[in-house]
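# An overview of the molecular structure
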Amino acid sequence: MLDQSLAILFPGQGSQISGMGKDLFQRNPTSRAIFEAADEILRLPLSEYCFKSIEEDPRALEKLTNTAICQPALYTHSIAVFAALDLAPDLVAGHSVGEYSALHACGALSFEDGLRLVRRRGELMAMAGQGRSAGMTAVIGVPGEVVNAACKEVSTPDSIVVCANYNAPGQVVISGDTAALRRVEKMLAEEGARKLVQLPVSGAFHSPLVSDAREALAQELATVTILPPVCPIYLNVTAQPALDPEHIRARMLEQLTSPVRWSQLLQNMPENLSFIEVGPGRVLNGLVRQTLGRRTDVISISTADAVEAFIAE
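Residues numbered from 1 in each chain as written. Predicted model: local features only at pLDDT ≥ 70, side-chain atom pairs only at ≥ 80, totals over all residues. Heavy atoms only, no water.

## With respect to the pattern of salt bridges
Counted under the stated rule, the structure contains 14 salt bridges. In this structure, R27 engages E308 in a salt bridge whose closest nitrogen and oxygen atoms are separated by 2.8 Å. Of this pair, R27 sits in helix α1 (residues 22-27) while E308 is found in helix α14 (residues 304-312), placing the two residues 281 residues apart along the sequence. Residue R27 is classed as partly exposed on the basis of its relative accessible area of 39%. Several salt bridges converge on common partners, so that one network encompasses R119, R120, E123 and E220. (Salt bridge = Lys/Arg side-chain N within 4 Å of Asp/Glu carboxyl O. Helix = DSSP H or I, 4+ residues; strand = E, 2+ residues; numbered from the N terminus. Buried < 20%, exposed > 50% of the residue type's maximum accessible area, 1.4 Å probe, protein only.)

## Points about the sheet that holds strand β5 (residues 171-177)
Spatially, the 4 strands line up as an open sheet ordered β4-β5-β3-β6, and their pairing is antiparallel. Each end of this open sheet is capped by a strand with a single partner; those strands are β4 (161-168) and β6 (195-198). Taking the axes of each pair of neighbouring strands and ignoring which way they run, one obtains an average angle of 25° across the sheet. In the sheet, β4 pairs with β5 via 6 bridges, with the strands oriented antiparallel. The residue of β5 that forms the bridge with V161 is G176. Sheet contacts for helix α13 (residues 283-292): β4 and β5; angle to β4, the most-contacted strand, approximately 85°. (Pairing = 2+ DSSP bridges. Axes fitted to C-alpha atoms, helices over the stretch in contact; angles between N-to-C directions. Contact = heavy atoms within 4.5 Å.)

## Describing the pairing of strand β9 (residues 273-278)
For β9, the tally of buried residues reaches 6 of 6 residues, placing the bulk of the element in the interior. Covered by surrounding structure in β9 are L273, F275 and E277 together with S274, I276 and V278, the residues of both alternating faces. Two elements, β9 and strand β10 (residues 297-301), share 5 bridges in a ladder whose sense is parallel. Within β10, the residue paired with V278 across the bridge is I301. Handedness of the crossover joining β9 and β10 through α13 is recorded here as right-handed. (Right-handed = clockwise from strand over helix to strand, strands pointing away.)

## Considerations on the environment of C50
With respect to the helices, strands and loops of the structure, C50 is situated in helix α3 (residues 46-51). Spatially, the C-alpha atoms of C50 and Q198 are 25 Å apart, while their sequence positions differ by 148 residues. Residues contacting C50, with those up to four places away along its chain left out, are I17, S18, G19, M20, F35, L64 and A73.

## Observations concerning the packing of aromatic side chains
In total, this model carries 4 aromatic pairs according to the counting rule given. Note on F10 and F82: the rings are 6.0 Å apart at their centroids and 65° apart in plane angle, and the pair reads as edge-to-face. Of the two residues, F10 sits in strand β1 (residues 5-10) while F82 sits in helix α5 (residues 67-85), which places them 72 residues apart along the sequence. In this structure F10 comes out as buried when scored by relative accessible area, which is 0%. Judged by its relative accessible area of 11%, F82 falls in the buried class. Ring centres 5.3 Å apart and planes at 55° place the aromatic pair F25 and F51 in the tilted group. With a gap of 26 residues between them, F25 in helix α1 and F51 in helix α3 connect regions that are remote in the sequence. (Phe/Tyr/Trp six-rings, centres within 6.5 Å; stacked < 30°, edge-to-face > 60°.)

## Observations concerning unusual backbone geometry
Of note, the phi angle at R43 is positive, near 50°, even though the residue is not glycine. Counting through the fold element by element, R43 comes out in the loop between α2 (29-42) and α3. The exposure class of R43 is exposed, given its relative accessible area of 78%. One non-glycine residue, N272, lies in the positive phi region at around 60°. As for its position among the elements, N272 is in the loop between α12 (262-267) and β9.

## What to know about the packing of α5 against helix α6 (residues 98-105)
Direction vectors running N to C along α5 and α6 enclose 35°, while the axes themselves pass 9 Å from each other. Crossing geometry of α5 relative to α6 is assigned as right-handed. Facing Y75, S78, I79 and F82 of α5, the residues of α6 in contact are Y100, S101, H104 and A105. Residue composition of the contact of α5 with α6, grouped by class: 5 nonpolar, 3 polar and no charged. (Left-handed = near helix turned anticlockwise from the far one by under 90°. Nonpolar A, V, L, I, M, F, W, Y, C, P; charged D, E, K, R; others polar.)

The following block contains the structure:
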């Protein structure tokens, strides 16, 4: 697959699985060093949250899914896989918090700065979700423009709902106040939605409801060095490639409360790419195929077995 230009994609929240990374830690010295560095930098047993199975702790996945833990855990696991593969991508992108993994992969952000940012971002988003009844719902089978129009129609100044993720044609995630979500779900069901799935999240991410986190995240972003990336990074907010560090910094802040334009981002990439999803799960693999066609060259790599098989090719 490496005869073609290579796009590396990094997943976001929702892809985490209990036990992720344990096999890499045990079998790959490069990955082990990444997990050890993360524990030391954060002064937190992050690797334990990743490695613990449900058999060892029935609440393992619940603890890992906590936003403040999940975001640095996903970042660390993705970079542990990426480091083990030792690839030079032609372009990168990441879904939501996965954009921070992509920024490290293209050389724009150091591992330590990226880790500290996602840890703080997770904490801020968790806090922003407290004290207000809010959530997110995946809408399957309705065009994005119809979903967006329905959100605008049912929203009021005190009860809002917006499109948060344009994941693939006919797959949109909405985010907002619980009452507004229920109103728009009813409307979309009448519009012929094939499926409505209320997501297990603690707040209304990628919406104005997490605006309280914006100022503190801006302060954190101001403290880190962003270098010119060695390859283009396609950004969630614009769905366009970026190379300018200050443009990237500004869009990282906007991303907190703006929709993830994932399907548009994929459609704006060059044709005839090979895609590798690097990190837990296969969510992005599915979104690539739904957006660009079932025959698109895409694989997912998350385990020691997969890393070793890819390197052996």
